[in-house]
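# Working through the structure, step by step
The residues making up each chain are set out below.
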Amino acid sequence: TLGMLSMLTTLRFVNFGSTTTTTGSSSFTSTLPTELGRLTRLQELEIVRCHFTGTIPTEFGSLQSLQELQITNTALTGTLPTQLGLLKDQLQVLWIGFPYYNYHNNNNGDGDGHDKPFMIASPLPATIGQMQQLTSLVLHSILVGTIPTEIGLLTKLEELVLLASSSLSSPSSSQQDDHHLQLLGGSLPSELGRLTALRELQVGSGLTGTLPATLANAQQLTSLKLDQNLFSSTIPTEWAQMELLETLSVKRNRLNGTVPVELIRLTQLNDVRLEHNEFTGMVPWCAIMNGTVTMDISADCLDNKIECDCCNECCSYDSQECVDQ
């Protein structure tokens, strides 16, 4: 059985996703063995695209040498064990989530083979702030509740992805109000501005309030995605200080006002997504392009809510329709 792996006490790497069937997923179909917690020298544990069921064992908190933990594309349920906080001294990479693709059902004709929800639905505990060796934190499609301000203590983070649980009712793409279900709640913590090593930030959905101007302090950011939330402010002019930014996506919110002209200072920016908001005025990059498209831009220009003759894609706030220009 898989539990016999615990006898190999010198193991440093375990990957349950490397043995695959012809359908592309691992053949493992049991629960995760609690005995894995005895592998105290283990440095990397990857459980990827497997049929494992049950919950994440609390015994994983005993893996004191663990530097990387990935549990993605599985059929696991429950919540994040608080015992994972015991890994704070060594853990650098923590990836949990992503939709579970039901290869087994697809192969046997018992299901449609589409992505199934990752059934973990868990709050992010304030103790996450103790895991200060983390450089990559990806909790994809598993979160409920609010984002604790202690997230700002993870100053070594280079990648942060916090997405709401897909096990809850997913929002309708055709109804503007329905897609803003309260999967996550509260605001985007201003403390994120302390993450000066951060390069990629993606957070959603259901957050409210204003976009924090303090994010401008995260000047290593190259990708900022805050789609499918309930933000109702303007875009802070301070964001023009993020000189390395290449991607800015704030689509499907309730943002308003004009897009700050100061953002044209971001010379590395090549992808801007503004659609399905309440912006007015003119998209500022159009004034400097002189008819030459040098970046990808989408906005609600089908409704004439915002002027954008340089958009690659024009959308309608009312109908949710988008067309290429």
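Higher on the page you've got the structure.
Throughout what follows, the structure given in this document is the object of discussion.

Each value, and the rule that gives it
Residues numbered from 1 in each chain as written. Predicted model: local features only at pLDDT ≥ 70, side-chain atom pairs only at ≥ 80, totals over all residues. Heavy atoms only, no water. Helix = DSSP H or I, 4+ residues; strand = E, 2+ residues; numbered from the N terminus. Buried < 20%, exposed > 50% of the residue type's maximum accessible area, 1.4 Å probe, protein only. Core = buried A, V, L, I, M, F, W, Y, C linked by side-chain atoms within 4.5 Å. Contact = heavy atoms within 4.5 Å. Salt bridge = Lys/Arg side-chain N within 4 Å of Asp/Glu carboxyl O. Phe/Tyr/Trp six-rings, centres within 6.5 Å; stacked < 30°, edge-to-face > 60°.

### Overview of the environment of Gln219
- Counting through the fold element by element, Gln219 comes out in the loop between strand 11 (200-204) and strand 12 (223-225).
- Looking at Gln219, the relative accessible area reads 38%, which means it is partly exposed.
- Measuring from C-alpha to C-alpha, the distance between Gln219 and Leu198 comes to 7.9 Å, with 21 residues separating the pair along the chain.

### So, the nonpolar core
- Formed by 84 residues in total, the largest nonpolar core has its most connected members in Leu137 and Trp239.
- Among the secondary structure elements, those contributing two or more residues to this core are strand 2 (44-48), strand 3 (68-72), strand 5 (93-97), strand 9 (136-143), strand 10 (159-164), strand 11, helix 2 (286-289) and strand 17 (296-299).
- Broken down by element, the residue count for this core peaks at four residues, all from strand 9.
- Not counting residues up to four positions away in its chain, the partners in contact with Leu137 are Leu94, Ile128, Ile151, Leu154, Leu157, Glu159, Leu160, Val161 and Leu162.

### Brief notes about unusual backbone geometry
- Phi at Asn304 is positive, roughly 60°, even though this residue is not glycine.
- By the secondary structure assignment, Asn304 is in the loop between strand 17 and strand 18 (313-315).
- Residue Asn304 is classed as exposed on the basis of its relative accessible area, which comes to 67%.
- For Gln320, which is not a glycine, the phi torsion comes out positive at approximately 70°.
- Tracing the sequence through the fold places Gln320 in the loop between strand 18 and strand 19 (322-324).
- For Gln320, a relative accessible area of 10% translates into the label buried.

### A few points about the pattern of salt bridges
- All told, the structure shown has three salt bridges when counted by the stated rule.
- With a shortest N-O distance of 3.5 Å, Asp89 and Lys88 are connected by a salt bridge.
- By relative accessible area, Lys88 is classed as partly exposed at 31%.
- Close ionic contact of Arg273 with Asp271 constitutes a salt bridge, the shortest N to O distance being 2.9 Å.
- A cluster of three or more residues bridged by salt bridges with shared partners is formed by Asp271, Arg273 and Glu313.

### Things to note about the packing of aromatic side chains
- Enumeration over the complete set of coordinates arrives at one aromatic pair.
- An angle of 75° between the planes, with centres 5.4 Å apart, marks the rings of Phe16 and Phe52 as edge-to-face. Highlighted residues: Phe16 in the loop between strand 1 (13-15) and strand 2 and Phe52 in the loop between strand 2 and strand 3, separated in sequence by 36 residues. For the pair Phe16 and Phe52, one class covers both residues: buried.

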